[in-house]
Amino acid sequence: MGELMGGHKKGKHKDKKHKKSKGSTGKDTDRAYDDGACQVTKERVRAHFLDGNTGPWAKNLAAEEAKNAQPAGAAAAAGNGSSESGLPTRRGPDYSVPSSIDLVADPVLHALSTRRSISKVDPETPNDADLLELIRSISSVADHKGLRPWRFLIIRGDDRHRLGEALDEAGGVRRKPGEVNQKPLRAELLLALVASPTKHEKVPEWEQHATAAGAGHLLELALWQAGWGVMWRSGTLANSEPVRRLHRLKDSELLMGWFYIGAVPERYRQRLATSTRPLPSPEQFLDTL
Ligand SMILES: Cc1cc2nc3c(=O)[nH]c(=O)nc-3n(C[C@H](O)[C@H](O)[C@H](O)COP(=O)(O)O)c2cc1C
């Protein structure tokens, strides 16, 4: 872990991102949300959702309001301990009680139903601490017998060139000196998803692949909700020998593709704010025996 954090400048990307795409609040925005101002902020988030702002933008607007409304020290007095699970001890919503199913007003359902892949992302990326928090949030993925059959590998900087070389080798592509495979350079940060099943008498391999795929989908959602752009890509060479070798996969493992991650470009943000892409009709996904 020390190595992971040390490899990249902690906080650099996030600060930049806040400056560019999230207003001037930076880390303070997050703090207002964390420091026990949760209930107030959630109400405000809801209000901004109803005003038509998508998830991360509504959250930031609400956090800024909460920060301005709180006298100094009041947030700290509200308590900010953390439990063994790593989550703050403050109470969140009570998910055990059925509520009306409202795809606009409910932030989680709203994020689920509005998620989009962002095919071309800007260079700012979450830092490694951000990634760990996102991974923490998705580690709730349904997992038969808790085998944890998935992991992600961080690919940044020159490692993307190594991926390009492995893809070229797999595809039999020869390039002129100085030319490189541009595909892995489409984002500054790639996360490779590895399905890593173990032998278990009650949990077949396909179930463990399903869990790994679930982690991938949750990651996309978590990134979306946190305001980052991402697109999941694979390709026919993902499990070719040179590519598997680069990722140091065991024979039992499967590369499920790469998540290309970065900031959402301004032009996308404008489009997303006004987008009315219809969702497919749900009847086709639901039937009886
Ligand atoms: C496992 C997996 C692999 C994918 N691989 C690719 C890919 O290699 N190239 C691509 O253009 N889209 C790929 N996609 C699809 C995109 O990630 C994305 O879902 C699609 O463009 C539809 O956009 P949307 O997510 O906004 O609905 C893949 C999706 C999944 C789940």
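Residues numbered from 1 in each chain as written. Predicted model: local features only at pLDDT ≥ 70, side-chain atom pairs only at ≥ 80, totals over all residues. Heavy atoms only, no water.

Trainee: Just checking my understanding: could you explain helix H8 (residues 128-138) for this structure?
Mentor: Residue pairs three or four apart in sequence face the same way in an α-helix, which turns once every 3.6 residues. All of the buried residues in H8 are Asp 128, Asp 130, Leu 131, Leu 134 and Ile 138. Angular distribution of buried residues about the axis of H8 spans 150 degrees; they occupy a single face of the element. Regarding H8, its N-cap is Asn 127, as a side-chain oxygen of that residue lies 3.0 Å from the backbone nitrogen of Ala 129 further along. (Buried < 20%, exposed > 50% of the residue type's maximum accessible area, 1.4 Å probe, protein only. Helix = DSSP H or I, 4+ residues; strand = E, 2+ residues; numbered from the N terminus. Arc of directions from axis to C-beta. Polar contact = N/O pair within 3.5 Å; in protein donor to acceptor, adjacent residues only side chain to side chain.)

Trainee: Before we go on, may I ask you to explain the packing of H8 against helix H10 (residues 205-226) in this structure?
Mentor: For any two helices packed against each other, the geometry is given by the interaxial angle and the distance between the axes. Close contact between H8 and H10 brings their axes to 9 Å; oriented N to C, the two are set at 125 degrees. By the angle between their directions, the pair H8 and H10 is classed as oblique. Classified by chirality, the crossing of H10 by H8 is right-handed. Every residue of H10 that contacts H8 at Leu 134, Ser 137 and Ile 138 is listed here: Ala 215, Leu 218, Leu 219, Ala 222, Leu 223 and Ala 226. Classifying every residue of the contact of H8 with H10 by side-chain character gives eight nonpolar, one polar and no charged. (Axes fitted to C-alpha atoms, helices over the stretch in contact; angles between N-to-C directions. Parallel < 35°, antiparallel > 145°, perpendicular 65-115°, else oblique. Left-handed = near helix turned anticlockwise from the far one by under 90°. Contact = heavy atoms within 4.5 Å. Nonpolar A, V, L, I, M, F, W, Y, C, P; charged D, E, K, R; others polar.)

Trainee: Looking at this structure, how should I read the side chain of Arg 160?
Mentor: Checked against the element boundaries, Arg 160 lands in helix H9 (residues 159-171). No salt bridge is formed by the buried Arg 160; the nearest opposite charge belongs to Glu 188, separated by 4.1 Å. Excluding its chain neighbours within four sequence positions, the residues that come into contact with Arg 160 are Ile 155, Pro 184, Leu 185, Ala 187, Glu 188 and Leu 190. (Lys, Arg positive; Asp, Glu negative; His and termini not counted. Salt bridge = Lys/Arg side-chain N within 4 Å of Asp/Glu carboxyl O.)

Trainee: Which parts of the structure should I look at to understand the site of the ligand?
Mentor: Neighbouring the ligand are the residues Arg 115, Arg 116, Ser 117, Met 231, Trp 232, Arg 233, Ser 234, Gly 235 and Arg 277. Burial of the ligand by the protein amounts to 54% of the accessible area it has alone, namely 620 Å². The class makeup of the residues in the shell around the ligand is two nonpolar, three polar and four charged. (Near = heavy atom within 4 Å. Areas by Shrake-Rupley, 256 points an atom, 1.4 Å probe, with all protein chains shown as cover.)

Trainee: Quick question: what am I supposed to make of the packing of helix H7 (residues 107-114) against H10 here?
Mentor: Where H7 meets H10, the axes come as close as 10 Å, and the angle between the chain directions of the two elements is 110 degrees. The orientation of H7 relative to H10 falls into the category roughly perpendicular. Remark: the crossing between H7 and H10 carries right-handed chirality. The segment H7 lies against H10, with Pro 107, Ala 111, Leu 112 and Thr 114 engaging Leu 221, Trp 224 and Gln 225. Here the residues of the contact of H7 with H10 are counted per class, giving five nonpolar, two polar and no charged.

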